[in-house]
Structure formats: structure tokens, C-alpha cells
There are 2 protein chains.
Amino acid sequence: MHKEHTLTKNQQIIFDLIDKSPEPMKAYSILFNVQKKGIKAPLQVYRALDKLVEIGKIHKIESRNAFIACHNSSCQVAKATAFSICEICEKVTEISSAGLSKYLANFKDKDGMKYSKYNLEFFGLCKKCRT
Amino acid sequence: MHKEHTLTKNQQIIFDLIDKSPEPMKAYSILFNVQKKGIKAPLQVYRALDKLVEIGKIHKIESRNAFIACHNSSCQVAKATAFSICEICEKVTEISSAGLSKYLANFKDKDGMKYSKYNLEFFGLCKKCRT
DNA sequence: TTACATAGTGTTATATTATAACAATTTAAA
DNA sequence: TTTAAATTGTTATAATATAACACTATGTAA
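Here the structure is a predicted model, which means the values were calculated and not measured.

**Quick look at the domain arrangement of chain A**
Residue and element names in this part refer to chain A.
Here is step 1 of the chain: On domain assignment, one finds that chain A holds domain 1 (9–69) and domain 2 (80–130).
Here is step 2 of the chain: Each of domain 1 and domain 2 was reduced to a C-alpha centroid, and the two centroids are 22 Å apart.
Here is step 3 of the chain: Taken together, the contact between domain 1 and domain 2 spans nine residues of the former and nine residues of the latter.
Here is step 4 of the chain: Sorting the residues of domain 1 by area buried against domain 2 places His59, Ile61 and Arg64 first, and these three jointly supply 56% of that buried surface.
Here is step 5 of the chain: Where domain 1 touches domain 2, the interface holds one salt bridge.
Here is step 6 of the chain: Between Glu90 and Arg64 there is a salt bridge whose closest N-O contact spans 2.5 Å.
Here is step 7 of the chain: For the pair domain 1 and domain 2, the interface holds four residue pairs in polar contact (both at pLDDT 80 or more).
Here is step 8 of the chain: Of all the elements in the fold, those that place two or more residues in the side of domain 1 that touches domain 2 are strand S1 (58–61) and strand S2 (66–69).
Here is step 9 of the chain: If one sorts the elements of the side of domain 1 that touches domain 2 by residue count, S1 sits on top with three residues.
Here is step 10 of the chain: Here the residues of the side of domain 1 that touches domain 2 sort into four nonpolar, two polar and three charged.

**Considerations on the protein's contact with DNA strand D**
Here is step 1 of the chain: Lining the immediate environment of DNA strand D, one finds 16 residues, of which Thr8(A), Gln44(A), Arg47(A), Lys26(B) and Leu43(B) sit closest.
Here is step 2 of the chain: For DNA strand D, the fraction of protein-proximal atoms (within 4 Å) that sit in sugar or phosphate groups is 42%.
Here is step 3 of the chain: With respect to DNA strand D, the side chain of Arg47(A) contributes an N or O atom lying 2.4 Å from a base nitrogen.
Here is step 4 of the chain: Lys26(B) places a side-chain nitrogen or oxygen 2.4 Å from a phosphate oxygen of DNA strand D.
Here is step 5 of the chain: The element that contributes the greatest number of residues to the surface near DNA strand D is helix H3 (residues 42–54) of chain A, accounting for four residues.
Here is step 6 of the chain: Split into classes, the residues belonging to the surface near DNA strand D amount to five nonpolar, five polar and six charged.

**A word on the nonpolar core**
Generally speaking, a soluble globular protein has its nonpolar side chains buried in company with each other.
Here is step 1 of the chain: Grouped together as the largest cluster of nonpolar side chains are 22 residues, with contacts concentrated most on Leu100(A), Leu120(A), Phe122(A), Leu100(B), Leu120(B) and Phe122(B).
Here is step 2 of the chain: The set of elements that each furnish at least two residues to this core consists of strand S3 (80–86), helix H4 (98–106) and strand S5 (117–124) of chain A together with strand S3 (80–86), helix H4 (98–106) and strand S5 (117–124) of chain B.

**Some details on the interface of chain A and chain B**
Here is step 1 of the chain: On the chain B side, the residues contacting the 28 residues of chain A number 28 residues.
Here is step 2 of the chain: Each partner contributes to the roughly 2500 Å² buried at the junction of chain A and chain B, and carbon and sulfur atoms together form 66% of this total.
Here is step 3 of the chain: Applying the counting criterion to the chain A and chain B interface returns two salt bridges.
Here is step 4 of the chain: Among the salt bridges present, the one from Lys117(B) reaches Glu87(A), with a minimum N-O distance of 2.5 Å.
Here is step 5 of the chain: Residue assignment for the side of chain A that touches chain B shows that the elements contributing at least two residues are H4, S5 and helix H5 (127–130) of chain A.
Here is step 6 of the chain: A per-element tally of the side of chain A that touches chain B places S5(A) first, with eight residues.
Here is step 7 of the chain: As paired elements, S5(A) and S5(B) share seven bridges and run antiparallel to each other. Counterpart to Lys117(A) in the pairing with S5(B) is Phe123(B).

Definitions and limits used
Residues numbered from 1 in each chain as written. Chains lettered and ligands numbered in written order. Predicted model: local features only at pLDDT ≥ 70, side-chain atom pairs only at ≥ 80, totals over all residues. Heavy atoms only, no water. Domains from an automatic or database assignment. Contact = heavy atoms within 4.5 Å. Buried area = accessible area lost by both parts, 1.4 Å probe. Salt bridge = Lys/Arg side-chain N within 4 Å of Asp/Glu carboxyl O. Polar contact = N/O pair within 3.5 Å; in protein donor to acceptor, adjacent residues only side chain to side chain. Helix = DSSP H or I, 4+ residues; strand = E, 2+ residues; numbered from the N terminus. Nonpolar A, V, L, I, M, F, W, Y, C, P; charged D, E, K, R; others polar. Near = heavy atom within 4 Å. Core = buried A, V, L, I, M, F, W, Y, C linked by side-chain atoms within 4.5 Å. Buried < 20%, exposed > 50% of the residue type's maximum accessible area, 1.4 Å probe, protein only. Pairing = 2+ DSSP bridges.

In C-alpha cells:
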């Protein structure tokens, strides 16, 4: 479970928008959508995004420069993320697999180094697009 | 082993530069470095980068918007990549672990879907920066 | 060898993503 | 209450990436 943070006004507005979105949202699309709520500048969006990522309420899909809400309630470590991405429809799903996260959290490189933080993006075709 | 492709002039110039670099290179840094060789515009760089990524000669580090040469000669599937990234010095190393790639190539999500293509980025501190 | 398709090139302009710098305000803790 | 830390609002600008178009090279098949 996430540590509870009281979101500020801008953070709440932007989180709500991302949380309602069925797909990852890009920063300038977020900006466009919240302008009627008084958020006028890119920086206001990016600052809220940075904070929301930091506290684990949202994740950034690095290969897409887009953001989705975290729906992984068992996600202890907000910094360990895994997603599947459909290369046709661009649907993105957060993967919550105890096995996978355990494997990656325990993975050691050649030098015996372990990493608590990672981002994994799988690419393929979703059920719909495969048919 | 990579299928042999004859690189074009621009592709070769840009690959050589990235291949010699001890660290991932960003597109505009590449551009700056190859201007004396007659490559003048961003698009010339991006086109070569796209092709080099496509044929597996280089990889893109998504979280850094930077490119490194593939030094993983056993990398059958150029589309299955894993890196460790030092959060202090930004050193990036390609991970070649048969165990890891086997695990990820065989990973199935909830719906039983397997993914041949993935990108994994681990974050931590490298040996030097840990001390 | 010619003709054709495919891939690559060069160029200008522009779109998209993200941060710097600074002043003012709010919040939370000592 | 006072003080430090975080957040906000704002303008300007940096950094990353693609669109569109005309032209050129290369390989292949008739």
C-alpha cells in the first residue's frame, strides 16, 4: 500500500485525470485537459508529475513518454515497475506478478550487484490486436 | 550473432562514434560530433539511429534518451535488452545473463501471453559510486 | 542494359517533450 | 510564531524528435 500523502491541488487535479484515463497520458495532453482548471503552464504539469511519480501514485512509461496511474495495490516498491505494451493499439497494462518482482528484486549481475529499482517494458500484441 | 548488414555512410559514421564512446550518447551530441563529417541535420542522425536500432547494432536507453552500441555477441534477439544504470555517474552496462533472458522470454502474464520483446532498465549505484 | 522498386540522402521547417530561473505563497514542524 | 521546506505561477528557452518534399543510390529482375 502506498504511504498516504495529501496531494496538493495541482497534484490532485492531475492525478484524477490520469487515474480516470483508460490509457497512458502524455504531459501536453494532460496540460490541455487541465487548462480549464487553471493549470496553464507545462511546468505546473511536470512538477506535479514528478511528485506523483516520486510517491508512487503514477508511473512513467519511458518508451512512450506517458504516464499511468498505479493500480497495483500490493506494490510495496513504487520503483519496481513492469508493463506490457501493445505495439498496435498502444494499450498499456501494469503487470503485477509476485514471481516476476521477486525474480527481478533478487537478480544479481556479474559483479553480484542487486538492484532494488527497475523498469521493465514488454512489447507484443494484446488479445484484441492478435485476432 | 547479428545478421550482417552493410551500413551506409551515415550509418557507419554514427555507429563508429557510438561504438567508440564509453558512455551512451544523445542524439544532439552525436550530431555535434559528426558535423565535421558532413552530417548537418538532426534528421540525418535520427534516421541512422532508427536503422541501427532496428538491426540491433545499437540500443536505446529509454530512460535516458541515449544510445549505446550492442556488445552482446550472444544477443540473438536484438529486441530483448537489459541494462544497469548508475544513478550517480550514469554509467550504463548491458547485462548479458542467460538466466535473465531465459526467464523474461518465458515470462507469461496473467492471460498467458508471452513477449519476445522487452526492455529492462535496472537502477542503482555502480561499484565506484558505492564506495 | 534498362527499368523498376526500395532504401537512403539532404534540406527546411516545425512539433513535441522538458527544464531554467525567479519571485511569491502555502504548509508543516520546531 | 517563526522558520525551513515544498509548492505555485510565470516567462522564456532548451532538448528531443518528426513531417514533408525533392533527389540519389542500389539491387534485382526482365
